[in-house]
Number of protein chains: 2
Amino acid sequence: MKDGPNIARIAALLGESARADALTALMTDRALTATELAAIAGVTKQTMSAHLSKLLQASLIAVDQQGRHRYFRLADEDVAGLLESLMGVAFRTGSLRLLSSPREPALRKARVCYDHLAGELGVLAYESLVRHNLLAMSQQGLRLSPAGEEWFRRAGIDTETAHRERRSFCRACMDWSERRYHLAGSLGAALLSRVHELGWARKEKASRVIRFTSVGDREFRRLIASA
Amino acid sequence: MKDGPNIARIAALLGESARADALTALMTDRALTATELAAIAGVTKQTMSAHLSKLLQASLIAVDQQGRHRYFRLADEDVAGLLESLMGVAFRTGSLRLLSSPREPALRKARVCYDHLAGELGVLAYESLVRHNLLAMSQQGLRLSPAGEEWFRRAGIDTETAHRERRSFCRACMDWSERRYHLAGSLGAALLSRVHELGWARKEKASRVIRFTSVGDREFRRLIASA
DNA sequence: TTCATTGTTCGACGTTAGACGAACCATTAC
DNA sequence: GTAATGGTTCGTCTAACGTCGAACAATGAA
């Protein structure tokens, strides 16, 4: 049975903690530079550079050059799917790593995932919307109910514009720190951008952390409780 | 971001050729002994024994003791899914090993993937349905057209029951041996079960191979050509 | 221009882990 | 009983690979 896809080669690339850390980070952040990835994985940039070139050669990641920066991202959805599958098995078999890093708590509380809100607050919002039937799972995926449209309107979010965007309107995105869902899609992006607009929070530079002000935290929780 | 499922640990276990060979063999044959696996992977039995105990400890495989024999098998469907996913990516990125083994052809022609038909015949069916607009990709994923409903009805498959199942009705699943799609979801499962019902094929014991009779092969091809 | 920053290449070092021989235990066959 | 087979454990060897320091190229900012 020495035939078929060479899974060992691909798996070996994922089976090294620095590379796995980098890929996991790329699941959340769409594009990161080599130095950022090096910091995340806790290795020097030379080391990360070597890892990235291996991942590139195997077409697991792709790169966009912008001036002196090179933004790395996952090659395609299949790779993301593979990582999800891997996380699923790792989770089921109880293979967790419970090491926390100093920045963890903030990251855990609220962070940006692509362009929407993830972490505790993101999950809280999503679950509140679902509990009050403003969002509902249908056969076609997640749907916003008429009452939900109204709630977003009252929150000052124009769902019409979000509807017109070409990408998916609203979908549930698995939150790795919480292992529950949060709101993604253009609707999720609109919600986060409204939060910024109201001055409730701002994104930390060169990080995925979203730092809520104390007022912002209170107001955001009040808003989602009003669902 | 050193938190969450430890994917590197699992991936590292799959990223070694002897272990990968063993797991791949277990995808096809449900239960094999340590010595058989050692022969397949081309290592001594002590070596395979060490590998198997690592895989056992990580709950990627399970074992059934029978006298002095120990029959190893994949732990669950998630592990099989992970391996398929891995094969898919390995194929897409052109990571192949081109040594053939005698039993491959049957597996390539028709096999069970979860509960639906994969391999040449699975891909053939899927592509024929798509070509005749019985299946169509929509924004929401794969959809069965009214003409498609009719075709399945004529084939003796009750799409209503399949619709009512909680899981997804029809979706495209990447076929690792063909590198193209085949039909999955409750509709795919219904098609395969109809094939068994008509006596066109039967699943080989302790393997993923689906063995078509010569009549069954002809009739199945005729059926999908009638789309 | 000068300087800081991003990212790569090269070489050397050290750890890891896979490989096998040999010895061992357990089960079944004769 | 003895012999044969399936499987594991132990110790040792070796090759592979991740790691970093240092040096270098390219880009952009002051």
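Numbering of residues starts from 1 in each chain and follows the order in which that chain's sequence is written. Chains and ligands are labelled sequentially in the order written, the chains with letters from A and the ligands with numbers from 1. Local features in a predicted model are, by the rule used here, given only for residues with pLDDT of at least 70; side-chain atom pairs are given and counted only at 80 or more, and totals for whole chains, interfaces and linings are based on all residues. With hydrogens and water excluded, all non-hydrogen atoms of the structure serve as input to the side-chain values.

1. Re the pattern of salt bridges
And step 1. Here, a salt bridge means any Lys or Arg side-chain nitrogen found within 4 Å of an Asp or Glu carboxyl oxygen. Enumeration according to the criterion identifies 14 salt bridges over all chains in this entry.
And step 2. When the shortest N-O distance is used, the salt bridge between Glu150 of chain A and Arg154 of chain A registers 3.9 Å. With Glu150 of chain A and Arg154 of chain A both in helix α8 (residues 146–154) and 4 residues apart, this pair spans about one turn of that helix.
And step 3. According to the relative accessible area criterion, Glu150 of chain A is partly exposed, its value standing at 32%.
And step 4. Take Arg154 of chain A: its relative accessible area is 52%, and that puts it in the exposed class.
And step 5. For Glu150 of chain B, the salt bridge goes to Arg153 of chain B, with nearest N and O atoms at 3.0 Å. Placement of the pair is Glu150 of chain B and Arg153 of chain B together in helix α8 (residues 146–154), with a separation of 3 residues, close to one helical turn. Secondary structure counts use DSSP, requiring at least four H or I residues in a row for a helix and at least two E residues in a row for a strand, with both numbered from the N terminus. We call a residue buried when its accessible area falls under 20% of the maximum for its residue type, exposed when it is over 50%, and partly exposed in between, using a 1.4 Å probe and counting protein chains only.

2. Focus on the protein's contact with DNA strand D
And step 1. Nearness of a residue to a molecule or strand requires only that one of the residue's heavy atoms be within 4 Å of it. In the neighbourhood of DNA strand D, 20 residues make up the surrounding shell, with Gln46 and Lys54 of chain A together with Thr35, Ser49 and Arg70 of chain B lying closest.
And step 2. Restricting attention to atoms of DNA strand D within 4 Å of the protein, one finds that 67% of them are sugar or phosphate atoms.
And step 3. Between DNA strand D and the protein, one listed contact pairs a phosphate oxygen with a side-chain N or O atom of Ser49 of chain B at 2.6 Å.
And step 4. Looking at the surface near DNA strand D, the elements with two or more residues in it are α2 (17–28) and α4 (45–57) of chain A together with α3 (34–41), α4 (45–57) and β3 (69–74) of chain B.
And step 5. In terms of residue count, the dominant contributor to the surface near DNA strand D is α4 of chain A (4 residues).
And step 6. Among the residues forming the surface near DNA strand D, the class breakdown is 3 nonpolar, 10 polar and 7 charged. Identification of polar contacts relies on pairs of N or O atoms within 3.5 Å, with a donor-acceptor requirement for protein atoms, meaning one able to donate a hydrogen and the other able to accept it, and with residues adjacent in sequence counted only if both atoms are side-chain atoms. By the convention adopted, Pro, Cys, Tyr, Trp, Phe, Met, Ile, Leu, Val and Ala count as nonpolar, Lys, Arg, Asp and Glu as charged, and the other residues, Gly among them, as polar.

3. Details of the protein's contact with DNA strand C
And step 1. In the vicinity of DNA strand C there are 19 residues, among which Thr35, Ser49 and Arg70 of chain A together with Gln46 and Lys54 of chain B approach most closely.
And step 2. Near the protein, within 4 Å, the atoms of DNA strand C are sugar or phosphate in 63% of cases.
And step 3. The separation between a phosphate oxygen of DNA strand C and a polar side-chain atom of Arg70 of chain A is 2.6 Å.
And step 4. At a separation of 2.6 Å, a phosphate oxygen of DNA strand C approaches a polar side-chain atom of His51 of chain B.
And step 5. Of all elements in the fold, only α3 (34–41), α4 and β3 (69–74) of chain A together with α4 of chain B reach the threshold of two or more residues within the surface near DNA strand C.
And step 6. Counting residues per element, the surface near DNA strand C draws most heavily on α4 of chain B, at 4 residues.
And step 7. Tallied by class, residues from the surface near DNA strand C come to 2 nonpolar, 10 polar and 7 charged.

4. Brief notes about the pairing of β3 of chain A
The two faces of the sheet receive side chains in turn, since in a regular strand these alternate between them.
All names here are of chain A.
And step 1. By the convention used here, strands pair only if DSSP detects at least 2 bridges between them. Pairing geometry for strand β2 (residues 61–66) and β3, over 6 bridges, is antiparallel. Residue pairing across strands places Ile61 opposite Leu74, the latter belonging to β3.
And step 2. Hairpin connection of β2 to β3: 2 residues between the antiparallel strands, including Gly67 at a positive phi of 65 degrees.

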